[in-house]
Amino acid sequence: MTDQEAVTVVRKAARAIVYDRARDRHVYRSDVDIAFRNDEIVYVGTEYPGTAERSIDGSRKMVMPGMISIHGHSSSAVKAKGCWEELGSPRIYMSTLFEYQSLMHTDDADNIAMSEFAVGEMLRSGCTTMMDIFGAYDGWLETLADTGIRAYVAPMYASAAYKTSTGHSMEYVWDETAGQKGLDEAIRLVGQAEEHPSGRLRGVISPAQVDTCTVALLRDSVSAAEELGVPRTIHAAQSVHEFREMVNRHGLSSMEFLEDVGFLGPSAILGHGIFLDDHPWIHQYPGKRDRRLLAERECNVAHCPAVIARRGILLNHFQSYIDAGINVGIGMDIYPHNIVDEMRWGLVCAKIAAGSQHGTSLAAMFHAATRGGAQALGRDDLGIIEDGARADLVLVDLDHPDMNPGYDPLAALVFSGLERPICDVFVAGRHLVQGGVVQTVDMAARAAQLNGIQQRGFAAVADRDWARRSAEQAFPLSLPLVD
Ligand SMILES: [Zn+2]
């Protein structure tokens, strides 16, 4: 019998977050046994009747389902730590996207190290399933598989690249052949992911952004996703610039355009989905139909609250999307890769955006980070603790100081503890985090590599920047460094 074939039982968990199908929501239960074998939960109840090869004392633990990120870029994001948090292009509406994103060069080895580090952060925070969106590179699939996480590999491609030569105007450098080649490569890699022997990799068709893909490429992408039977995702409604660009080109909002090309649907995951035509920053646009459109087409939104909050942007607003009938899942986009922190940001920002403490709830945010993500991926067996579900479980140490007093442990975790009280994480029944330590990624070794990766990336900045700025000029420190 291999380690995984053994039955593991968490005995008498003080609290467990299990799913109540009748109420269609997560609920707490006390003094629960939860048993799993391989990648399947085989028992949830008062006392496991079978023999278990491994037993974990749950009397001072909360057991919760593994959380799900449906938007992120593990292979590239970490290098920008310290550079992008407060950076943006004030004359191009937003963010690092157009002016700064491509300044730091990395190679495949760098990408692998960053991806491993990012996945380690995810696992440590209780994220057990992730979508990874990035340009295809050698070693990507094996890297993800080796970490043990459940990964949705989304090879990204586009017909155009963003460019600015002035810092105030935007150009699109079109190469339609490259876009089609990118789709072909993506189809090949998605096929490999779907058939990967680990059984933990799946694929997603991922044209990069709504404003960087031709109509033909988007239509071909939808056909490919449907043929392969996999989800499709795209960055859409992520900036005011993008919204205006789509109106300028087509007389349509980003969502109306996606409807026009046939992209919307229950398998469509919209990365960010912030600037719908009723967002307060979109003035005087006559449509006001985007929200209804997304609901009617049963679309999914990948909400990445922390990164947009750093840019001063709010989704308008989380609960109103849900109330409209739009499924919302959570993504971590860039860094840090901490899904509990992401829930906290999402929750606080949703209340601010709603203008009310009662604008949303922790229950709704936790649902988004579990069942919302699972629904977007077309999975009824993830983000859930019940018989027959996948064996992705997170154990929280109720004796951790941040968890006390422990009246409401999920609230203590999200509002006070973050990832710190998370002690053990199982993915597909494998014990990937033990005593708070990631077992499949050498986090210290990877962390030691990150500075070198960033410094090498810095060396290329002046050549790539329109204004020929050095890295230090392009990415000013938060405090001046003096002699
Ligand atoms: Zn993104």
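Residues numbered from 1 in each chain as written. Predicted model: local features only at pLDDT ≥ 70, side-chain atom pairs only at ≥ 80, totals over all residues. Heavy atoms only, no water.

Draft legend 1. Molecular detail of the coordination of the zinc ion. Taken together, the protein ligands of the zinc ion are H71 (NE2), H73 (NE2), H235 (NE2) and D333 (OD), with distances of 2.1 to 2.6 Å. In this structure, the zinc ion is surrounded by four donor atoms whose angles at the metal cover 80 to 173 degrees, and the resulting shape is irregular. Each donor residue of the zinc ion belongs to the same chain, with the gaps between them written as H-x1-H-x161-H-x97-D. Highlighted residues: H71 in the loop between β8 (67–69) and α1 (108–124) and H235 in strand β15 (residues 232–236), separated in sequence by 164 residues. Across the pair, exposure class does not vary: H71 and H235 are buried alike. (Donors = N, O, S within 2.8 Å, 3.2 Å for Na, K, Ca; no water. Tetrahedral: all angles 85-135°; square planar, octahedral: opposite > 155°, others 65-115°. Helix = DSSP H or I, 4+ residues; strand = E, 2+ residues; numbered from the N terminus. Buried < 20%, exposed > 50% of the residue type's maximum accessible area, 1.4 Å probe, protein only.)

Draft legend 2. Region of interest: the sheet that holds strand β17 (residues 300–303). One open sheet accounts for four strands, arranged β15-β16-β17-β18; its pairing is parallel. Strands at the two margins of the open sheet, each flanked by one partner only, are β15 and β18 (327–330). Sheet twist, expressed as the mean angle between neighbouring strand axes with direction ignored, is 30 degrees. Here β15 pairs with strand β16 (residues 268–272) via five bridges, running parallel. Across the sheet, residue A236 finds its bridge partner in β16, namely H272. (Pairing = 2+ DSSP bridges. Axes fitted to C-alpha atoms, helices over the stretch in contact; angles between N-to-C directions.)

Draft legend 3. Structural context of the domain arrangement of the chain. Segmenting the chain into domains produces domain 1 (7–66 + 387–438) and domain 2 (67–376). Relative placement of domain 1 and domain 2: their C-alpha centres are 30 Å apart. Listed per partner, the contact involves 32 residues of domain 1 and 26 residues of domain 2. Across the domain 1 to domain 2 interface the summed buried area is about 2,400 Å²; carbon plus sulfur atoms make up 66%. (Domains from an automatic or database assignment. Contact = heavy atoms within 4.5 Å. Buried area = accessible area lost by both parts, 1.4 Å probe.)

Draft legend 4. Structural detail: the nonpolar core. Core analysis: the largest hydrophobic core is formed by 123 residues, its most contacted members being M64, W84, L258, L270, L294 and F475. Per element, the largest residue contribution to this core is seven residues, and it comes from α1. For this core, the domains that each give at least three residues are domain 1 (7–66 + 387–438) and domain 2 (67–376). With residues up to four places along the chain from it excluded, the contact list for L294 reads M255, L264, L270, L276, C299, V301 and I326. Among the nonpolar cores identified, the runner-up in size contains 20 residues, and V10, A13, A16 and I41 belong to it. (Core = buried A, V, L, I, M, F, W, Y, C linked by side-chain atoms within 4.5 Å.)

Draft legend 5. Main features of the sheet that holds strand β5 (residues 40–45). Taken in spatial order, the four strands line up as β5-β4-β1-β6 in an open sheet, and their pairing is mixed. In this open sheet, the two edge strands, each paired with only one partner strand, are β5 and β6 (54–57). Sheet twist, expressed as the average angle between the axes of neighbouring strands with direction ignored, equals 15 degrees. Relative to strand β4 (residues 32–37), strand β1 (residues 7–13) runs antiparallel, the two sharing five bridges. Opposite V7, over in β4, you have R37 as the bridge partner.

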